[in-house]
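Residue-level listing of the chains:
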Amino acid sequence: MRVALQVTCVNDAMFPDTGKAVVRLLRHLGVDVDFPSAQTCCGQPMVNTGYLDEAVPVVRTFVRAFAGYDAVVTPSGSCAGSARHQHSIVAERSGDPALVAAVAETGPRTYELSEFLVDVLGVTDVGAYFPHRVTYHPTCHSLRMLGVGDRPQRLLEQVRGIELVDLPMAEECCGFGGTFALKNADTSIAMGADKARHVRDTGAEVLVAGDNSCLMHIGGMLSRQRAGVRVVHLAEILASTEES
Amino acid sequence: MSGTFVGMPAFPTAARAALGDTQLRRNLAHATQTIRDKRALVVAEVEDWEDLRLAGAGVKEAALRDLATHLETLEASLTRAGATVHWARDAAEACAIVASITHAHGADEVAKVKSMATAEIGLNEALEAEGIAAWETDLAELIVQLGDDLPSHILVPAIHRNRAEIREIFQRRMGDVGKAAPADLSDEPAVLAGAAREHLREKFLRAKVAVSGANFAVADTGTLVVVESEGNGRMCLTLPEVLVSVVGIEKVVATWADLDPMLRLLPRSSTGERMNPYTSTWSGVSPGDGPQEVHVVLLDNGRTRALADDVGRQALRCIRCSACLNVCPVYERVGGHAYGSVYPGPIGAILNPLLNGVSDEQTASLPYASSLCGACFEVCPVRIDIPSVLVDQRAAVVDSHRNDRVPSAEALAMKATAWAFSDSRRLAWAERASGIAGRVITRFSRTTLPGGRAASGRLPGPAAGWTGARDLPAPPAESFREWWDRTDGGQR
Amino acid sequence: MTSARDDILAAVRSALADVSPAVSVPAAPRAPDRGDLVALFVERVEDYRAVVTRCTSAELGGVVAEVLGARTSVVPPGLELEVPNAVVDDAFTADQLDAIDAVVTRARVGIAETGTIVLDHQPDQGRRAISLVPDLHVCIVDVSQVVADVPDAIALLDPSRPLTWISGPSATSDIELNRVEGVHGPRTLHVVLVL
Ligand code: SF4
């Protein structure tokens, strides 16, 4: 099986450790993962702000970069959702039948990390070790656009040493929302403040989620509040071992 | 009489003001939490809820896709049943029809059943200009009307008011327009409801003309349906001599049997009840029972505009249950007034631009009033994919500015970002620049995130929106791409 | 100038010019069999804080008289039950009805799943106003009238008649979303279920 990592633009530029963790984790599970260097971004920042024409060349770059792979794995529910549910909209808009056909090819083969581990590889115990008190925030796009369900929790439950605590109002949006965080900054911050309060209420040392953009938002608030809670991507917990 | 939304600021400005009102936020958080819990309980009771949603969406979608046929059938059935059918292209035409019917009966007042369509067209204000007083008889509408206030929720227009505020409004204003509230009025909800009963009863018993909307209009039988709780609807639909119902053309369902999924979906989604206390249905005139003169005004007012939108058309399936408002994290925090329309919340964020277009700045701000979390789609009983329509309406906003002489800063930024994202070499170059910036920030920053990573605190300029309340991690010295190249994917 | 009617219909047609009218509408699912319908009906009516009394048809007159006590009442012309001191509706005005304490009617159908009673305002139930203005509604339902769910009721009912679906007494949740019974409709609903 030829597997490509779609690291995402945010992780590439801001959170390379998450990408490295995915590579380590997949190799450890016997998957020979490739990083097609022609990749850039899924196009979601443009699409979700309404710039559909601008998204066309970005989506074109995406499908070219990942053509020929059996599976595309991404450590982001949001970017997987974009490939699966939004690329077709952009392709229709382009009026290019070749692009329409190409996105219909790549979309269904794009998996969020926990989906790939549980559904494609069939594992929940990835041999990780993480001796900390952790609470999990299900991000909206993984929860509602992709429907990853409890896959991340099932993976986390198998991590040795971990103490998982429930996050109150877990399914409520953290308020990130892409450009929403800037265009409606006051509302975004009000939502983030409530999320950060719920996180603090759990007494967890670590907040985990499957999307670094949401974690950047919640973590940025927690940091400003000097809450002392660290935010960590799911991939980094799953790639932690006793040695590391 | 009551306020108006005209001239409201765009959403982010209105939202900022609302967020500063702690009383409002407390009232809303309590109310939305209560109704969310009630809904969840009664929805969980229906084993095949998802199939019921599919059936409801199907009924409405089928009606919309053959709307001209159903409207003609409805008109014929209503006429056969003794009703008079009127058509109104816009708000002004609809208001003029209601006013002229009222005048024809020499009446200077009408009793009103809560109706979104009449709120949308500003009927009360139009009638007032014609010398006709329109009495709202739904409790929440009465609170809004007496308080010279604006509605902030589809189902509970006074959701932003708590019991103490309602008591104060009743005591201050009821006497000006009819029977005064008792001097010893307490703020117990039951006592407040009792005061509304006393105040409105004389209006029900006296009214010659009533005005309603309709939740559904059944084409093949000419039946209108009003779903309510208090009995004010039954009063208006039964006691006056003349009944005028203003009905949006999207309220049509094809057959009587089509009401089945709708009447099961609506109360559970709306008030969180198995069934609402009262549902009235009537087909034209029933000799010897109820109003003997029945009018139906079929209203367009932008609906055919929305109907022509391939993505947005589904918004016309809406049955105004307000479930999407109650689960919306944005609505819960800013309330309904910030949306500047009688249709607030997620449905308002798509319906207003679909009905009116996006040429004014306030309406154009609405599709952005969402984090696209998708909670609305999950609860919508007729499966309106609100997030997708929001994105499509954002595209409509952007497209409406494509020929601007001076492009906005955002448009330039988006074009530049798209240019960088269209070729990985350009992106790699940008990441090297950001890596250099990251090294600088790491060197000089006095903020560190838990775990030790450097971050930016408050920044001026365009970054202020982010860093006003959120630290921003410093970019890493090396991007993932550079690491992969340098180490051959970690193998070297 | 064209009429509003023609303009609107033309706008609808042009909006849908490229849209196929054919959509397959999935059938609404039915609730599973819940066993004793009458027991379910009673439980769900009571959930709305309505009062339910069960009796045999021989006991009916006595039960209704007892529920009414000293109250004045109005009955529809076709009730076919002796109600002591009741007046038979004779096109009373709303003001006249407002001076009467109670109304006794029969019903057309009861819905177990939702605890709903539907009146179709035949002579045994009377015109809509009489079961609306008085503050106590005594509604007689025969067990044979109880159906399982909303689709069964829809199939039985005649839409050409005015219909009133009643689920408990009048109520509102407009103040802080707390349910309060008793606003404009009858503040007390007393269902007499005839076995
Ligand atoms: S959009 Fe859906 S959830 Fe929102 S009010 Fe309309 S029907 Fe209800």
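The model shown is predicted, which means the values in this text are computed figures rather than measured ones.

Visitor: Which residues make up the interface of chain B and chain A, and what values do they have?
Guide: Listed per partner, the contact involves 70 residues of chain B and 68 residues of chain A. Here chain B and chain A share 11 salt bridges between them. The partner of Asp53 of chain A in a salt bridge is Arg402 of chain B, and the shortest N-O contact between them spans 3.4 Å. On inspection of chain B and its partner chain A, the count reaches 32 residue pairs in polar contact (both at pLDDT 80 or more). Here the side of chain B that touches chain A is composed, by residue class, of 32 nonpolar, 19 polar and 19 charged.

Visitor: Tell me about the environment of Leu41 of chain B, and please be specific about residues and values.
Guide: Its place among the elements puts Leu41 of chain B in helix H2 (residues 22-44). Between the alpha carbons of Leu41 of chain B and Gly272 of chain B there is a distance of 7.7 Å; along the sequence they are 231 residues apart.

Visitor: Let's hear about the UniProt feature "domain: Cysteine-rich" (unreviewed entry) in chain A: which residues, and what values?
Guide: Residues and elements named next belong to chain A. Using the residue numbers shown here, the UniProt feature "domain: Cysteine-rich" (unreviewed entry) corresponds to residues 3-80 and 134-218. This span, residues 3-80, is 51% helix and 12% strand, and a straight line between its end C-alpha atoms measures 15 Å. With 51% helix and 12% strand, the stretch residues 134-218 has end C-alpha atoms that lie 15 Å from each other.

Visitor: Got a sec to walk through the packing of aromatic side chains? Specific residues and values, please.
Guide: Overall, the coordinates contain 10 aromatic pairs over all chains when judged by the stated rule. Judged by centre distance (5.6 Å) and plane angle (45 degrees), the ring pair of Phe35 of chain A and Trp484 of chain B falls under tilted. Remark: Trp484 of chain B occurs in helix H23 (residues 480-487) and Phe35 of chain A occurs in the loop between strand E2 (33-34) and helix H3 (44-47); the pair is interchain, linking two chains. The pair formed by Phe35 of chain A and Trp484 of chain B is uniform in burial state, with each residue classed as buried. Ring geometry for Phe11 of chain B versus Tyr339 of chain B: centroids 4.9 Å apart, planes at 55 degrees, classification tilted. Placement of the pair is Phe11 of chain B in helix H1 (residues 11-19) and Tyr339 of chain B in the loop between helix H15 (329-334) and helix H16 (345-356), with a sequence separation of 328 residues.

Visitor: Kindly report on helix H8 (residues 139-146) of chain B, identifying the contributing residues and their values.
Guide: Counting buried residues along H8 of chain B, eight of its eight residues qualify, which places the element largely inside the surrounding structure. Listing the buried residues of H8 of chain B in full gives Leu139, Ala140, Glu141, Leu142, Ile143, Val144, Gln145 and Leu146 of chain B. In this structure, the buried side of H8 of chain B is in contact with helix H7 (123-129), strand E3 (133-136), helix H9 (163-177) and helix H10 (189-206) of chain B together with strand E10 (171-172) of chain C. Two to three positions downstream of the cap, the backbone nitrogen of Ala140 of chain B sits 3.1 Å from a side-chain oxygen, assigning the N-cap of H8 of chain B to Asp138 of chain B. Backbone geometry just after H8 of chain B places Asp148 of chain B at a positive phi near 45 degrees.

Visitor: Tell me about the UniProt feature "domain: Lactate utilization protein B C-terminal" (unreviewed entry) in chain B, and name the residues and values.
Guide: Listed under "domain: Lactate utilization protein B C-terminal" (unreviewed entry) in the UniProt record, and renumbered for this structure, are residues 402-486 of chain B. From the first C-alpha to the last, residues 402-486 of chain B spans 42 Å; its make-up is 53% helix and 8% strand.

Visitor: Describe in detail the domain arrangement of chain A, supporting the description with residues and values.
Guide: All names here are of chain A. The assigned domain composition of chain A is domain 1 (3-120) and domain 2 (133-238). Computed over C-alpha atoms, the centres of domain 1 and domain 2 are 22 Å apart. Contacts between domain 1 and domain 2 engage 27 residues on the former and 20 residues on the latter. Carbon and sulfur atoms make up 65% of the area that domain 1 and domain 2 hide from each other, which totals about 1,900 Å².

Visitor: Can you break down the arrangement of the chains residue by residue, with the values?
Guide: If you rank the two pairs of chains in contact by how many contacts each has, first place goes to chains B and C. Without any contact between them, chain A and chain C keep their closest C-alpha atoms 17 Å apart.

Visitor: For the nonpolar core, give the residues involved together with the corresponding values.
Guide: Among the nonpolar cores identified, the biggest contains 188 residues, and Phe170 of chain B together with Trp165 of chain C are the most heavily contacted of them. Ala71, Leu156, Val206 and Ala239 of chain A belong to the second largest nonpolar core, which has 37 residues in total.

Visitor: Quick rundown of the site of the ligand? Include the residues and the values.
Guide: Around the ligand, the neighbouring residues are Cys318, Ile319, Arg320, Cys321, Ser322, Cys324, Ile347, Cys380, Pro381, Val382, Ile384 and Ile386 of chain B. The residue makeup of the shell around the ligand, split by class, is 10 nonpolar, one polar and one charged.

Visitor: Break down the environment of Ala420 of chain B for me, citing the residues and quoting the values.
Guide: All names here are of chain B. Counting through the fold element by element, Ala420 comes out in helix H20 (residues 409-421). For the pair Ala420 and Leu74, spaced 346 residues apart in sequence, the C-alpha separation works out to 56 Å. Those residues in contact with Ala420, other than ones at most four positions away along the chain, are Arg426 and Leu427.

Visitor: So what's going on with the sheet that holds strand E7 (residues 206-209) of chain A? Which residues, and what values?
Guide: Residues and elements named next belong to chain A. With parallel pairing, the four strands of this open sheet are ordered in space as E6-E5-E7-E8. Strands at the two margins of the open sheet, each flanked by one partner only, are strand E6 (163-165) and strand E8 (230-233). The mean angle between the axes of side-by-side strands here comes to 35 degrees, regardless of whether they run parallel or antiparallel. As paired elements, strand E5 (residues 133-136) and E6 share three bridges and run parallel to each other. Within the sheet, the bridge partner assigned to Val134 lies in E6 and is Leu164. Each of E7 and E8 touches helix H12 (residues 212-224); the most contacted strand, E8, lies at about 175 degrees to it.

Visitor: Could you give me a rundown of the layout of surface pockets, with the residues and numbers involved?
Guide: Residues and elements named next belong to chain B. Space inside the second largest pocket adds up to approximately 860 Å³. What lines the second largest pocket is a set of 41 residues, among which Phe5, Ala119, Glu120, Ser341 and Val342 lie closest to the centre. Among the secondary structure elements, those contributing two or more residues to the lining of the second largest pocket are helix H6 (116-120), H7, H8, H16 and helix H17 (361-365). Of all the elements, H6 adds the most residues to the lining of the second largest pocket, at four residues.

Visitor: Account for the sheet that holds strand E3 (residues 71-74) of chain A, naming residues and giving values.
Guide: Residues and elements named next belong to chain A. Strands sit in the order E2-E1-E3-E4 across an open sheet of four strands; the sheet is parallel. If you trace the sheet from one side to the other, it starts and ends with E2 and strand E4 (110-112), each paired once. With three bridges connecting them, strand E1 (residues 3-5) and E3 associate as parallel partners. Residue Ala4 lies in a different strand from E3, and its bridge partner there is Val72. Packing against the sheet, helix H5 (residues 77-94) makes contact with E3 and E4, and its axis sits at approximately 155 degrees to E4.

Visitor: Requested: an account of the domain arrangement of chain B, with residues and values cited.
Guide: Interface size, as often reported, equals the accessible area lost upon joining of the parts. Structurally, chain B comprises domain 1 (11-304) and domain 2 (421-487). Computed from C-alpha coordinates alone, the two centres of domain 1 of chain B and domain 2 of chain B are separated by 53 Å.

Visitor: Can you explain the pattern of salt bridges? Please cite residues and give values.
Guide: All names here are of chain A. The final tally for this structure, using the stated rule, is 69 salt bridges over all chains. Here Asp125 and Arg160 are joined by a salt bridge, their closest N and O atoms 3.3 Å apart. Taken as a pair, Asp125 in the loop between helix H7 (113-120) and E5 and Arg160 in the loop between helix H9 (151-157) and E6 lie far apart in primary sequence, 35 residues in all. Classification of Asp125 by relative accessible area gives partly exposed; the value is 35%.

Visitor: Can you explain unusual backbone geometry? Please cite residues and give values.
Guide: All names here are of chain A. Its identity as a non-glycine residue notwithstanding, Met169 has a phi of 50 degrees, on the positive side. One can find Met169 in the loop between E6 and helix H10 (180-183). On the basis of relative accessibility, which here comes to 36%, the residue Met169 falls in the partly exposed class. Located in the positive-phi region is Arg226, a residue other than glycine, with phi close to 55 degrees. For Arg226, the position within the fold is in the loop between H12 and E8. Under the relative-accessibility criterion, Arg226 is labelled exposed at 64%.

So, how was this worked out
- Residues numbered from 1 in each chain as written.
- Chains lettered and ligands numbered in written order.
- Predicted model: local features only at pLDDT ≥ 70, side-chain atom pairs only at ≥ 80, totals over all residues.
- Heavy atoms only, no water.
- Contact = heavy atoms within 4.5 Å.
- Salt bridge = Lys/Arg side-chain N within 4 Å of Asp/Glu carboxyl O.
- Polar contact = N/O pair within 3.5 Å; in protein donor to acceptor, adjacent residues only side chain to side chain.
- Nonpolar A, V, L, I, M, F, W, Y, C, P; charged D, E, K, R; others polar.
- Helix = DSSP H or I, 4+ residues; strand = E, 2+ residues; numbered from the N terminus.
- UniProt positions renumbered as here; feature names shortened; annotations may be inferred.
- Phe/Tyr/Trp six-rings, centres within 6.5 Å; stacked < 30°, edge-to-face > 60°.
- Buried < 20%, exposed > 50% of the residue type's maximum accessible area, 1.4 Å probe, protein only.
- Domains from an automatic or database assignment.
- Buried area = accessible area lost by both parts, 1.4 Å probe.
- Core = buried A, V, L, I, M, F, W, Y, C linked by side-chain atoms within 4.5 Å.
- Near = heavy atom within 4 Å.
- Pairing = 2+ DSSP bridges.
- Axes fitted to C-alpha atoms, helices over the stretch in contact; angles between N-to-C directions.
- 1 Å grid on protein atoms, 1.4 Å probe; cavity = no way out; pocket = protein on both sides within 12 Å on 5 of 7 lines; lining within 4 Å.
- Points joined across faces, edges and corners; volume = space filled by probe spheres on them.

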